[in-house]
There are 2 protein chains.
Amino acid sequence: MSDLVVVTGGLGPTRDDLTLATVARHLGRELAEDADLLAGLQKRFVGRGYAELPPSNRAQALVPEGAVPLENPLGTAPGILFDLGSDGLVVLLPGVPREMRTIFTGSVIPVLRDRFSGRLAPVIHRSIHTTGIAESVLADRLEPLLHGLPEAVSIAFLPEVEGVELRLTARGFASSERALEALAEAEALLQPVVAPHRYQALSGDLAEALGDRLSATGTTVAVAESCTGGLVAKRLTDIPGSSRYFLGGVAAYSNEAKRLLAGVDGALIEAEGAVSREVAEALARGVRDRLGADAGIGITGIAGPGGGTADKPVGTVWFAACLGSRTVATKGLFPGDREMIRARAAQAAMALLARLLEEWPDGNTDPPDGRQAP
Amino acid sequence: MSDLVVVTGGLGPTRDDLTLATVARHLGRELAEDADLLAGLQKRFVGRGYAELPPSNRAQALVPEGAVPLENPLGTAPGILFDLGSDGLVVLLPGVPREMRTIFTGSVIPVLRDRFSGRLAPVIHRSIHTTGIAESVLADRLEPLLHGLPEAVSIAFLPEVEGVELRLTARGFASSERALEALAEAEALLQPVVAPHRYQALSGDLAEALGDRLSATGTTVAVAESCTGGLVAKRLTDIPGSSRYFLGGVAAYSNEAKRLLAGVDGALIEAEGAVSREVAEALARGVRDRLGADAGIGITGIAGPGGGTADKPVGTVWFAACLGSRTVATKGLFPGDREMIRARAAQAAMALLARLLEEWPDGNTDPPDGRQAP
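Residues numbered from 1 in each chain as written. Chains lettered and ligands numbered in written order. Predicted model: local features only at pLDDT ≥ 70, side-chain atom pairs only at ≥ 80, totals over all residues. Heavy atoms only, no water.

J.: Would you mind showing me how to read the overall build of chain A here?
T.: Per the secondary structure count, chain A includes 12 helices and 15 strands. With the C-alpha coordinates of chain A rotated into their principal frame, the extents come out at 75 × 60 × 40 Å. Buried residues in chain A amount to 52% of all 374 residues. In chain A, the share of contacts with a sequence separation of at least 24, taken over all contacts with a separation of at least 6, comes to 63%. Here chain A has roughly 16100 Å² of accessible surface; of this, 50% comes from carbon and sulfur atoms. (Helix = DSSP H or I, 4+ residues; strand = E, 2+ residues; numbered from the N terminus. Buried < 20%, exposed > 50% of the residue type's maximum accessible area, 1.4 Å probe, protein only. Contact = heavy atoms within 4.5 Å. Areas by Shrake-Rupley, 256 points an atom, 1.4 Å probe, with all protein chains shown as cover.)

As structure tokens, then:
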């Protein structure tokens, strides 16, 4: 038998959820109702206005004899841990990804550390998050440096819609300290190439990194979005505590909404077109001024699938950021479908404000590298 | 050998992308540059402002002899199809999920249909999408009906953050027509229970269903969001063509923004609290009136993790929808973490407007079932 078996899914309350009963039978364990779990479920439902626990959910208080329930803070199905001694561990987790990850991180990893620590060689990762540069371009620029990576440090390119993550992995070191030294050396080696495109965020989320910076500098922000229609506001407010720096946003989808919500002059839209540097800047400054924020973001573009022209094809997006007297704007021509274009435009606009906050030379309103990744 | 081998990932332009070379070597095929692919890549990069194709990307024009490249409309890595005759098919797809799905749907499924059609028994699914009811409650209400399901039609409960999908599956029928008849019979059987919680959308996306309804009735909408901070606007504008009915939205995160962007009276917020029926209704009507829309949505709540009180715990959300002279509001107490609470609140608010549009009895402003799923 394996030292560790993990099963996901099938722990729910419905008749097609068969995992718990199947595994318990296979291991020869009877199921018994756990009083604490039952009380927790009852409290959960009654607290939400139900007269009583739905009968189906009662099955979620069943635990096989000798097994340990693992708390699920996000749902009704607990994880279940069987410790079979020298026969290893069997872990059952719910299939809902957020619940599975939360229980695995909170309850399973500590058990694995404890159980297998002596047998696990340290494998340590470090992530470098970039945005606004194509995977291939980044790879070509890094290529001449890669032979200088410390031995036993490898690099992986992980492209996502919002940017490329470089994951450095140290394996086979005698100690964690040695592995961390090698990772720091590798990071320093790559830094000159990645610096202009890099952002720092524990979770890999640029909205979090930008929020940290806004928070640390006491800067408030407002956003006006046309083609991204609320996505930047949504991402900024995904972050707990964002009310400290996010004052508000407008999804100014129609030209009339641009005028009414962000004070963009109708004549300007008429003269320059809705998708233009001037309108992006007017959106950023308009919403900033209207809400009395320190900084503003404005986005206007063509997310498709319709609406493109030869001059302004689908994927054309102008975005602007303003802070004090400075306003910067740049144009992107983003590839992909509607969802990808919107995700990339939102990311690029946040990256522009992050750079304006951190490193923009006073008075220079042309971005050092306005070219967008294909 | 299997009739079909599908490999995903490792087709990118960087040195850790080894799939193509490995599989080609295993099958004894040489790699050769495909002139059409190369021209497409060059056009793609030059069209986006690059002087030339980055050297790394050139490798993505390589195709093993005798293999067929499968077009990737969303990225640079094509899929690759090896037809080994009686030894089966080998398909390589990029690992980026959207690219993988697009190529699989567009290029691989037709090949599989063609190749294996005679050997595939029809398996037909039908999805019933619900929102606002807990999986367990739905299961308990459906339980007495399930023995009446046609034989060879099975049901699965698929819980997602935004709602529960019921998936009916017909297997083993002699023909597709017979399978479809059985599915229609099953659907009719379940309809009385699911009707109040059901929405119709091909993709399972309530924003799409709501958009279809708005579009069909020529109704325009505006939204004002506090705790969901732009998520409803983002979801509505995810849908291509949403500019026909979505006029604009405001993310009125601060009380000041509620006043400035949606005209909510500061005294009302003071008197009732920012999280209240009155403020939700004022947000919906305020943004609707400001943008001259037919319908409005207003949301205000506590997404957490901070900000909860004994009276209004984290997860408390008031949401309102208005249309003409009618305004309806309801309160949710949503479980889960910040992201789940926001997702559920956005979904519930869209569902409220959808019901107001479709079935609300004139003059009755209390929802038939305001209770929220735990």
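Continuing now.
J.: Can you walk me through the interface of chain A and chain B in this structure?
T.: How big an interface is tends to be stated in terms of accessible area lost as the parts join. Between chain A and chain B, the residue contacts involve 69 residues of the former and 69 residues of the latter. Both sides together, the interface formed by chain A and chain B hides about 5700 Å², and carbon and sulfur atoms give 58% of it. Area buried by chain A at its contact with chain B is led by R48, Y50 and R98 of chain A, which between them contribute 12% of it. Linking chain A with chain B are eight salt bridges. Note that E339 of chain B and R98 of chain A form a salt bridge whose closest N and O atoms lie 3.0 Å from each other. The tally of links from chain A across to chain B stands at 32 residue pairs in polar contact (both at pLDDT 80 or more). If you tally residues by element for the side of chain A that touches chain B, the top one is helix α5 (residues 135-146) of chain A, at seven residues. Partitioning the side of chain A that touches chain B into residue classes produces 35 nonpolar, 17 polar and 17 charged. As paired strands, strand β12 (residues 246-251) of chain A and strand β12 (residues 246-251) of chain B are joined by three bridges and run antiparallel to one another. (Buried area = accessible area lost by both parts, 1.4 Å probe. Salt bridge = Lys/Arg side-chain N within 4 Å of Asp/Glu carboxyl O. Polar contact = N/O pair within 3.5 Å; in protein donor to acceptor, adjacent residues only side chain to side chain. Nonpolar A, V, L, I, M, F, W, Y, C, P; charged D, E, K, R; others polar. Pairing = 2+ DSSP bridges.)

J.: Is there a simple way to explain the relation of the copies chain A and chain B in this structure?
T.: What connects the two chain copies is a rotation about an axis and a shift along it. With an axial shift of 0.0 Å and an RMSD of 0.0 Å, the rotation relating chain A to chain B amounts to 180°. What the rotation and shift describe, once combined, is the action of a two-fold rotation axis. A share of 100% of interface residues in chain A that are also interface residues in chain B marks the association as one of identical surfaces. (Least-squares fit on C-alpha atoms with pLDDT ≥ 70 in both.)

J.: Any chance you could explain the pattern of salt bridges here in plain terms?
T.: Note that side chains of opposite charge can pair when their charged atoms are close. Residue and element names in this part refer to chain B. For the structure shown, the criterion picks out 28 salt bridges over all chains. In this structure, the salt-bridge partner of R198 is E187, at a minimum N-O distance of 2.7 Å. With a gap of 11 residues between them, R198 in strand β10 (residues 198-199) and E187 in helix α6 (residues 176-194) connect regions that are remote in the sequence. R198 gets classed as buried once you look at its relative accessible area, which sits at 15%.

J.: What should I look at first to understand the sheet that holds strand β7 (residues 124-130) of chain A in this one?
T.: Through backbone hydrogen bonds, the strands of a sheet pair up, either in parallel or in antiparallel fashion. All names here are of chain A. If you trace the four strands from one edge of the open sheet to the other, you get β8-β9-β7-β10, paired in antiparallel fashion. Each edge of the open sheet carries a strand with a single partner, namely β8 (153-160) and β10 (198-199). In terms of strand pairing, β8 meets strand β9 (residues 163-170) through eight bridges, oriented antiparallel. Paired with A156 across the bridge in β9 is R167.

J.: Is there a simple way to think about the environment of G172 of chain A in this case?
T.: Residues and elements named next belong to chain A. Note on placement: G172 falls in the loop between β9 and α6 (176-194). Exposure remark for G172: the relative accessible area of 64% places this residue in the exposed category. As for G172 and P78, which are separated by 94 residues in sequence, their C-alpha atoms are 36 Å apart.

J.: How should the packing of helix α7 (residues 206-217) of chain B against helix α12 (residues 338-358) of chain B be read in this particular structure?
T.: Residues and elements named next belong to chain B. Two numbers describe how α7 lies on α12: the axes approach to 10 Å, and their chain directions differ by 30°. Overall, the two elements α7 and α12 adopt an arrangement that is roughly parallel. Like other packed secondary-structure pairs, α7 and α12 cross with a definite hand, here left-handed. Every residue of α12 that contacts α7 at L206, A207, L210, R213 and L214 is listed here: Q347, M350, A351, L353, A354, L357 and E358. Each residue belonging to the contact of α7 with α12 can be placed in one class, and the counts come to nine nonpolar, one polar and two charged. (Axes fitted to C-alpha atoms, helices over the stretch in contact; angles between N-to-C directions. Parallel < 35°, antiparallel > 145°, perpendicular 65-115°, else oblique. Left-handed = near helix turned anticlockwise from the far one by under 90°.)

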